[in-house]
Structures are given as C-alpha cells and as structure tokens.
Amino acid sequence: MAIGRSVPVRDAEARVRGAVAYLADLRLPGMLTAKIVRSPFPHARIRHLDPRPALRIPGVVAILTAEDFNRPGAPRLFYGVDRKDQPVVARDRVRYVGEPVAAIAAETPEAAEEAAQAIEVEYEELPAVFDPLTAAKPEAPRVHEDCPGNVFLHTRLRHGDLEAGFAAADLIVEETYTTPPACHAALEPHGVIAQWADGRLTVWSATQAPFVVQETLAELFGLPREAVRVIVPPLGGGYGGKGYVRLEPLTAVLAWKVGGRPVRLILERSEEFVTLTRHAAWIRIRTGVRRDGTLTARQVEVYWGAGAYADITPRLLRSAGLVRVVGPYRIPAVHVDAYGVYTNLPPAGPFRGTMSFEGAWAYESHMDTIAHALGMDPLELRRRNLLRPGDRFCTGEVIEEAFFWECLEAAARHVGWDQPYEKGEGMRRRGRGLAVMMKSTLPRSRSECRLVLRADGVLELHTGTVEMGQGAHTALAQIAAAETEIPLERVQVIGPDTAQVPYDATTSASRATSMMGAAIREAAARLKEEMRRRAAPLLEVDPEELILQGAGVTLRGRPEVWIAWEEVLRRHGLEALEAHGVFETQGGLDPETGQGIASPHWHQGAGACEVEVDIETGKVRILRYCAAAYAGRVINPALATLQNEGNMVFGLGQALMEQIFFDQGQPLNANMSDYQIPSLRDLPEVLESVLLESPEGSIHGLGEMTLPPVAPAIANAIFDAVGVRIRDLPITPEKIWRALHGE
Amino acid sequence: MVIREAFTVRAPVERVWAFLEDVPRLATYVPGVEAVEEAGPDRYRGRLAVRIGPISARFEGVVRIIRREPPARLEAEIEGQDGTSASWVKASFLGTLEPAAEGTRLACEIDLTLRGRLAQFGSAVLEATARRMIHAFAQRLQEALESPHAP
C-alpha cells in the first residue's frame, strides 16, 4: 500500500546534490536581466521621471515606466486579485519604500544596475502613516485618495446575543495583542522569466499559484487565457510569499516592451523584505466567563495592516480574517469586527498560518490570562470549552471532525502536564505552557487533475500543485498509486504548466494534499471504470462482472482470469488512457453576519512546551516542545512529521525573533544578518511530534497546523515561569527584561 | 532611528557653548565635512562625505538651527541629499550641555532617517557609522578645547 509509507521526497537527493533546476538555473537564449528602480519614500508624488540618461548606457535594451501604459495597445496599468489598486509601476505617486517606479531590461546585470542609478526621479514627500490603528483614524493621511480613513473593508461576524453573554459572565477579561510585519525569508527569492512570441506570452515563475498568475496576466494584456502559459519550476520554499501574483505583471510588461527576447527578474535578498510581508495586526479580545470556566461571550476587534495595496487581504477578510481569530471554543455569543487598513508599508499577504497565527497569538495567550484570573488550570479551562464533534461554531457550521482536545491533551501529556513541576529559584526559572488552534482552509476552491495511463505501464499524474520542498508531489504520487494500485515507482508527476495540466486554485492554505488528493481519487475511479469497459470485450464478459485488482482487471470469483491494464491498452491499440478528476468546495460567509460555511474541514493543531527564562538577561530557551496535529489520515509519516517539526521551528522564529523594523517606512533590517531567523542552536533540546488519525477521517493538510500554537504556548510558559505576560510579538529578551523590571 | 551619545570635555560650559555656536568653525571638527557656508540667519549650507558599507556618498544639504537656549540647549534640523548614491537624509538634532565634575557633559540625540541606496545596509551598519563619527568629533573637540591655543 502506497499510503502510510515513509517514502523519501521524490527529488530529495537532487535537491541535496544541487541538481534541481530552480528558476535561477534556467538559461534561455538571448535572455536579458531585469532590474527594478524603487521608491526611497514611503509616500510621495513623482514630480519628474526621466529615463533618458539611463537609455544611453551601453547594454540597456528597454526601460519601463508608467508612460508606456499610455501607448495604444498597451496593457492595463493596474492589477490585483481582488481590487485592482496596484500599478505595475507607480504612475504619479509612490506609497511605500520599495515600490517599483521603473524597470530596466539590459544585456548584463552590471548595465541594469548602472541604468537603475542613472534614472532621474524627483519626489515630493507626502505625509505617511504606518501602523493600522493610526491609519484607521479619519484624520490620518490618505494612502489612496479615494479611501478616506484608509479602511478599505470592514467585515463582521455576528453570532448570539453578545450583551446577554457578557451579562451572564462572572468575569470579563479584555486584552490587546499585536503582531508586526515579518518576512517569509524563503531560501529562494522571487524570480520570473517572461517571453513573448507571436502575441503569446510564456512565463516561468517561482509561484504558488500558476493559474491565478495566468488569469491576471491574460486580463492585464486583454488576451484569452490560453495565450498565456505559466510554467513553474521547483520552488525553494514559498510560505505564502509566492502566493497569488507578485512580480509576474512587471516582468511580463517589461518583456512586452522588449519585444521577443526573454527577460529574467530575480530579486536580491533586500528586495524580498519590500515585496510581501505578514500583516501587522492589532487585536482586541474581550471574553466573558463564568466562575466554573464556561465561556459566555467573546468580542474580537482586529485591524489588519495590509500595506499600500489590498492584494489578497479583502478575500481573506471575508472569511479567514474573521473565523481564524475566535478560537476552537463553544461560545454562545461571538462578535468579530475585522478591518482591512491601507498603510504606507509594503503590501501584506499570505504568510504560513495566515491570520491563524495572529489570531491564536491573541486568543490562546488570552485563555491563559482568563485561567489565571479564575485560578484554574489552563488545560482544564480549555477542556471545558473546546469544540467537540457535533458542536456548532460561531459561523453556524456544525463541526463533525473535532479533535482539538485530543491534540491538546497529547501535547500536554508529552511535557508531563499532570506531573508536579519544579520551577527553580535561581537566575533561571522554568515554566510550561500550551496552546491549541483552529484554522480554516479556502472556503470555495477547485482542484483538477488528469491521470494518464500509458501503454508502457507508467501512470502520469498531471497536476497544478506546486512542489516547493514540502513533498506535495511525493504525497500526491502516493495517493495516485494507492488509488490505482500501480506501483509508486511507476507514477510520474507532470506539472505545473498551465499548458499541460488542468486547473488548480493554488498551493496554499494546506489544501494540496486534501483537495488535489480528492481530485486524484475521482480521476482514479474514472480510470478504473474506463478500464473495466475496455477490458470487458477482451474477456468477453459484461463490465458489471469485472472487478479491479492489482493494476489489472479480473472476473468476480475467478481470480485466475486476470488481465493487466497495460495489456488492455495494447490489445486496443491505445497509447494511453486518460481520466479527469475534479474536487470542488462551495462555501462562503454572509458578508454582514459571518454566517455560512467558512471551511470544508477544519485544521486542528496544538503545542505544549517547557521553557527556561534567564531573569538576568530575559533570554528564553525552549527545553522541550511537542507539536500535535490532526491529520485525518497520514499519507507519508516521515514527511508529515517533518511538516510538524518545520512548523514548530518556523513558529519559534515568529515567536521570539522575527520582525521587519520600519523607521518612517524605511526597513532597517532588510538582510539576513540583521533579520534573525532560528538556527539549529535555537531548537528545543527535545522536539516531539504527534499525528492523530481517525478511521473515518478525511485527509487533512498538515502544512500549518502546529505553527499558530507555538507563540502563545511559549508566551504562556514564560508567564508560568516568571509571571510576565508579553502581548506584542516577537518575545525578545529585551521585552521580558523590561517587564521583569516593571518597565 | 534615534542615536544618543554623551561625552565630557575638560572646559567650562560657557566656553564649550561659545565654541559650538560658531557653526562654520565647529563644522571643521566634524569628520567628513568638506564645506560650510552661511545661507541666512541660523541657516547653513554644507557638504559631508561619508562611507557606509561599500558605498561612498557626498551629501549636500542644509542645517537649520531652530532653537537655542544658551548655554544649555541647541536644536537643529538637517536635510541632505546625495545624487550619486540616490540617498536622502533627514535628521533632527538636540544637543545639551551641563556642568560636570571635570568640565562639561555634552549629550546629543539624533533622530535620523536615511532613505535610498545607503539605507539598504540596515540600522546596525548605519548606527555604527554615526557613532564612529560622533566619537571622532568628541575627540577632536576635546583636543581643540584643551590645547594651549584653544579659542
């Protein structure tokens, strides 16, 4: 059986040996280098832009400015997956430090660099605003003229009688939590190659969403979709930073201006910090609770700092931005107000654990504050309130698969939660903490695939799922092998290439294994059906009498009558047999009340840890961490465990270190020496992973489940150790030290 | 980015103040200053050469003294631009003098915003450069005030 086996990642060896061709390794004849000229101001009027001095530099082939969009037959200037508010290059105004104002195509990187410096731009600085709370005030400077108060979207969730809920409470606790912008810091930076030929555009892009890129580019140029082809080489990490549309419009329009030669843009590390960030979030959470720990009401107000352009934020706000900030609890009355706010910072967008990370940071730290106020064990408080199978969530959905308690309990057990605990007395104090989280996936999306069985016995899986090191292609090949009973070694994964594979929404939101996996199951069923129909005349029986077994067809009750699939194809003179599979979900929330279907299933994860705090320096060391996730069914135990561990390490950086510091909009640590991410030395001494399965369970994604609990679990352990509650991420030694000294 | 530094010179407060008030002369003690000229009342135009990381820049700009409280407090605003490296600097300066056991304690607070290519090196490099310049200035100032030919 191909499912449940720890087969290695398909290209693991090639990746380790450096044999995988990433985007940066692709070389096309006549390829030009692109370079972006970026705004040094967070908000300014462009008074004058003169590319002519740069055009005189030898090797410079073309320079793209907003002027080019005025030409007849030119592409549209503005794009955006939800609202088209973002210009390919700035026209008369820049709205963040790093916004593209021009782009150069040149024969060499040196010529491109020289040209970038020769372009004359004159700016007139305008008042700017940086944090979402200030930006949302009516008198704040406007990031976009047509959006006074900078709030471009306000969404609501209304469930139950909030007033009655608070009136029924013995205690009301209110707190405010914040998270800063952070960088995805994927090993591979963003990169795109674009080339035009005969009015058709081909784009190679390190993207998580080839079909979204295709659609956006087709619209930008007024072309039918088929005229745009998007090919995705293996990615060196994405984490949401390569989701949706990033630099493809700029590169494609620059290539359009060039004519026929391919143009390649690869970002420098510093540019990664101004391309897409995690949202800056400000979350006020207020909860009513009875003395016995029963939650009676919860009110959450969230300001999502989206940066200068809306990007995917509006779509997130209609579902994720509401339901991911509540918590997996049975609460009779819940109100959520989520605001999407423009600021003069780089655009914010998907970030591993999007909005669940920020939500869990607030509601799980908050749960411990409540437990402390009640004098109750934090695990017990959660046990009394966690959603159980059949419970109704605040969206009105009945949660059938609910294993929150099982996840949390497993994690707690691994750190010996029920054992007596010595916190220490000297300079180093110890504490324990835990947290649980609930995350939606995309409410409405579609995945398609094609299975092609070739006469040589190879099964091709054509899929738009992007392999970015997470092992998705390996897991999907395992599902295809299991469903068709064809040996795993004979399964080949083809794609993503929009000209070759059928549609898939995106590789994000931990949806690939579950959604594409379901599409593969459907395609496999169709392939088998077709096989029975083809085999029946060969065996001179009715198709109804045939059953499928071991990549062959056999007569019911007569196992000695068996014919291999390859043989069926050969006898029909067929080169291949194809079957298409589709899996689609139809959810969505009412925009006024947040009621409806937020997610086809719910991601569930928990964490528990033991930390040591040095009270002299404020430094935190994680001694032990256990990450537990509900997997439904584990496809590949080794890869699933790696996801759990990867989440923990990723979360540790978010919890303790990662923040892009902006000074008046200028990033101050846009390099990997000033922007810290965890190293091996920061890892816990003991790192454990638990994967929960259920016999009736569906396949759940695992890419994010154990990430959101990390920060609150650590913060709760710090509180347990030294009695200090940190509410603003990241939890730096300085913040702990200041809190310990009453500052 | 805010940079705070303080140092002590062996001279009475009044003498240090008189020294600081003469901006064109004072400027000759600031490392990297290449030219200073008066451009109106409490307004000076100047040029400053500086090297940050691998990039050399020559900022042309204006210093405006916006408040003086002799002999204790001086506030100024600085704006400059370097065409070659496409960088802009904007800073507010607050200097305070107070009597100390051995002379005068000078404290300065500089709120600095750097934009453009030079800014990409990050605050760590920038801060180190600024502090190095302040230390060099402090040393030159001390030498000047303590020399027998001191003004």
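Everything numeric in this text was worked out from a predicted model, so none of it was measured.

Draft legend 1. Representation of the overall build of chain B in the model. Regarding its fold elements, chain B presents three helices and seven strands. In sequence order, the secondary structure elements of chain B are arranged as β-α-α-β-β-β-β-β-β-α. A compact globule built from 151 residues should have a C-alpha radius of gyration of about 15 Å, and chain B, at 15 Å, falls within 12% of that. Counting only C-alpha atoms and orienting by the principal axes, one finds that chain B spans roughly 45 × 35 × 25 Å. Within chain B, buried positions represent 40% of all 151 residues. Look at the contacts in chain B between residues 6 or more apart in sequence, and 51% of them connect residues 24 or more apart. When the accessible surface of chain B is totalled, it reaches about 7900 Å², and 52% of it is carbon and sulfur. Here chain B holds 20 positive side-chain charges and 21 negative ones, and the gap between their average locations is 5 Å.

Draft legend 2. Local environment of the sheet that holds strand S4 (residues 55–69) of chain B. Residues and elements named next belong to chain B. The antiparallel open sheet is built from seven strands, whose spatial order is S1-S7-S6-S5-S4-S3-S2. Sheet topology places strand S1 (2–9) and strand S2 (33–38) at the edges, where each strand pairs with a single neighbour. In this sheet, adjacent strand axes meet at a mean angle of 20° when their direction is disregarded. Two strands pair when backbone bridges link them, and strand S6 (residues 87–100) and strand S7 (residues 103–116) are joined in this way by 14 bridges, in the antiparallel orientation. Opposite Pro-99, over in S7, you have Thr-104 as the bridge partner. Strands in contact with helix H1 (residues 13–21) are S1, S4, strand S5 (73–82), S6 and S7; relative to S6, the strand with the most contacts, it is inclined by about 160°. Sitting on the sheet, helix H3 (residues 122–146) is in contact with S1, strand S3 (43–52) and S7, with an inclination near 20° to S1.

Draft legend 3. Region of the structure containing the sheet that holds strand S27 (residues 576–586) of chain A. Residues and elements named next belong to chain A. Here we have four strands laid out as an open sheet, ordered S23-S22-S21-S27, and mixed in their pairing. With one partner strand each, in any of the chains shown, strand S23 (491–494) and S27 form the two edges of the open sheet. Sheet twist, expressed as the average angle between the axes of neighbouring strands with direction ignored, equals 20°. Judged from the eleven bridges that link them, strand S21 (residues 444–454) and S27 form a sheet pairing that is antiparallel. From the neighbouring strand, Arg-454 faces S27, where its bridge partner is Ala-576. Across the sheet, helix H14 (residues 472–484) lies against S21, strand S22 (459–463) and S23, angled at about 130° from S22, the strand it touches most. Those strands touched by helix H15 (residues 512–539) are S21, S22 and S27, and its axis lies near 140° from that of S27.

Draft legend 4. Expanded view of the pattern of salt bridges. All names here are of chain A. On inspection of all chains with the given rule, the structure shows 72 salt bridges over all chains. Between Arg-286 and Glu-174 there is a salt bridge, with the nearest N and O atoms lying 3.5 Å from each other. Taken together, the residues span a long stretch of sequence, with Arg-286 in strand S15 (residues 280–289) and Glu-174 in strand S10 (residues 171–179) at a distance of 112 residues. Classification of Arg-286 as partly exposed rests on a relative accessible area of 26%. With a relative accessible area of 45%, Glu-174 lands in the partly exposed category. For Arg-383, the salt bridge identified is with Glu-380, shortest N-O distance 2.8 Å. Of this pair, Arg-383 and Glu-380 both sit in helix H12 (residues 378–385), three residues apart, which is roughly one turn of that helix. Within this structure, Arg-428, Arg-430, Glu-610, Glu-612, Arg-621, Arg-624, Glu-685 and Glu-688 form a network of salt bridges that share partners.

Draft legend 5. Spatial organisation of the domain arrangement of chain A. Residue and element names in this part refer to chain A. Per the domain assignment, the segments making up chain A are domain 1 (12–126 + 184–272), domain 2 (280–442 + 590–740) and domain 3 (445–585). Every contact between the two is made by 20 residues of domain 1 and, on the other side, 18 residues of domain 3. Summed over both partners, the interface of domain 1 with domain 3 buries about 1300 Å², with 60% contributed by carbon and sulfur atoms. Its largest share of buried area at the contact with domain 3, domain 1 owes to Gln-208, Phe-211 and Arg-229, together 44% of the area lost on that side. Linking domain 1 with domain 3 are one salt bridge. The interface formed by domain 1 and domain 3 includes six residue pairs in polar contact (both at pLDDT 80 or more). Mapped onto the side of domain 1 that touches domain 3, the elements with two or more residues apiece are helix H6 (210–221) and strand S13 (228–231). Of the residues assigned to the side of domain 1 that touches domain 3, the class counts are eleven nonpolar, six polar and three charged.

Draft legend 6. Geometry of the interface of chain A and chain B. In this assembly, 16 residues from chain A lie in contact with 16 residues from chain B. Buried area between chain A and chain B, summed over both chains or domains, comes out near 1200 Å², and the portion from carbon and sulfur atoms is 46%. Joining chain A to chain B, the criterion identifies two salt bridges. Summed over the shared surface of chain A and chain B, the result is four residue pairs in polar contact (both at pLDDT 80 or more). For the side of chain A that touches chain B, the secondary structure elements donating two or more residues are helix H3 (109–118), strand S8 (120–125) and strand S33 (666–667) of chain A. Counted by class, the side of chain A that touches chain B contains seven nonpolar, five polar and four charged residues.

Draft legend 7. Representation of the layout of surface pockets in the model. Residue and element names in this part refer to chain A. Volume-wise, the second largest pocket comes out at about 850 Å³. Among the secondary structure elements, those contributing two or more residues to the lining of the second largest pocket are strand S1 (32–38), H3, S8, helix H8 (269–272) and S33. Taken together, the residues of the lining of the second largest pocket sort by class into 15 nonpolar, eleven polar and eight charged. In terms of domain composition, the lining of the second largest pocket takes at least three residues from each of domain 1 (12–126 + 184–272) and domain 2 (280–442 + 590–740).

Draft legend 8. View of the packing of H15 of chain A against helix H16 (residues 565–572) of chain A. All names here are of chain A. Relative to each other, H15 and H16 sit at 60°, their axes nearing to 10 Å. Taken together, the axis directions place H15 and H16 in an arrangement best described as oblique. In this structure, H15 meets H16 at a crossing whose hand is left-handed. Contacts between H15 and H16 involve Leu-527, Lys-528, Met-531, Arg-534, Ala-535, Pro-537 and Leu-538 from the first element and Trp-565, Val-568, Leu-569, Arg-571 and His-572 from the second. Of the residues that constitute the contact of H15 with H16, the class distribution is eight nonpolar, one polar and three charged.

Draft legend 9. Spatial organisation of the pairing of S5 of chain B. Residues and elements named next belong to chain B. In the sheet, S4 pairs with S5 via nine bridges, with the strands oriented antiparallel. Bridge pairing in S5 places Arg-64 opposite Glu-77. In textbook terms, the turn of a hairpin is the stretch between consecutive antiparallel strands, and for S4 and S5 this stretch comprises three residues. In this structure, S5 lies alongside S6, joined through ten bridges in antiparallel fashion. Within S6, the residue paired with Leu-74 across the bridge is Gly-95.

Draft legend 10. Broad picture of the nonpolar core. All names here are of chain A. By size, the foremost hydrophobic cluster in this structure holds 160 residues, and its most contacted members are Ile-714 and Ile-731. With residues up to four places along the chain from it excluded, the contact list for Ile-714 reads Cys-609, Val-611, Ile-622, Leu-652, Ala-655, Leu-656 and Ile-731. One finds Ile-3, Ala-455, Leu-488 and Val-553 within the second-largest nonpolar core, a separate group that totals 41 residues.

The rules we used
- Residues numbered from 1 in each chain as written.
- Chains lettered and ligands numbered in written order.
- Predicted model: local features only at pLDDT ≥ 70, side-chain atom pairs only at ≥ 80, totals over all residues.
- Heavy atoms only, no water.
- Helix = DSSP H or I, 4+ residues; strand = E, 2+ residues; numbered from the N terminus.
- Rg over C-alpha atoms; globule rule 2.2 N^0.38 Å.
- Buried < 20%, exposed > 50% of the residue type's maximum accessible area, 1.4 Å probe, protein only.
- Contact = heavy atoms within 4.5 Å.
- Areas by Shrake-Rupley, 256 points an atom, 1.4 Å probe, with all protein chains shown as cover.
- Lys, Arg positive; Asp, Glu negative; His and termini not counted.
- Charge placed at Lys NZ, Arg CZ, Asp CG, Glu CD.
- Pairing = 2+ DSSP bridges.
- Axes fitted to C-alpha atoms, helices over the stretch in contact; angles between N-to-C directions.
- Salt bridge = Lys/Arg side-chain N within 4 Å of Asp/Glu carboxyl O.
- Domains from an automatic or database assignment.
- Buried area = accessible area lost by both parts, 1.4 Å probe.
- Polar contact = N/O pair within 3.5 Å; in protein donor to acceptor, adjacent residues only side chain to side chain.
- Nonpolar A, V, L, I, M, F, W, Y, C, P; charged D, E, K, R; others polar.
- 1 Å grid on protein atoms, 1.4 Å probe; cavity = no way out; pocket = protein on both sides within 12 Å on 5 of 7 lines; lining within 4 Å.
- Points joined across faces, edges and corners; volume = space filled by probe spheres on them.
- Parallel < 35°, antiparallel > 145°, perpendicular 65-115°, else oblique.
- Left-handed = near helix turned anticlockwise from the far one by under 90°.
- Core = buried A, V, L, I, M, F, W, Y, C linked by side-chain atoms within 4.5 Å.

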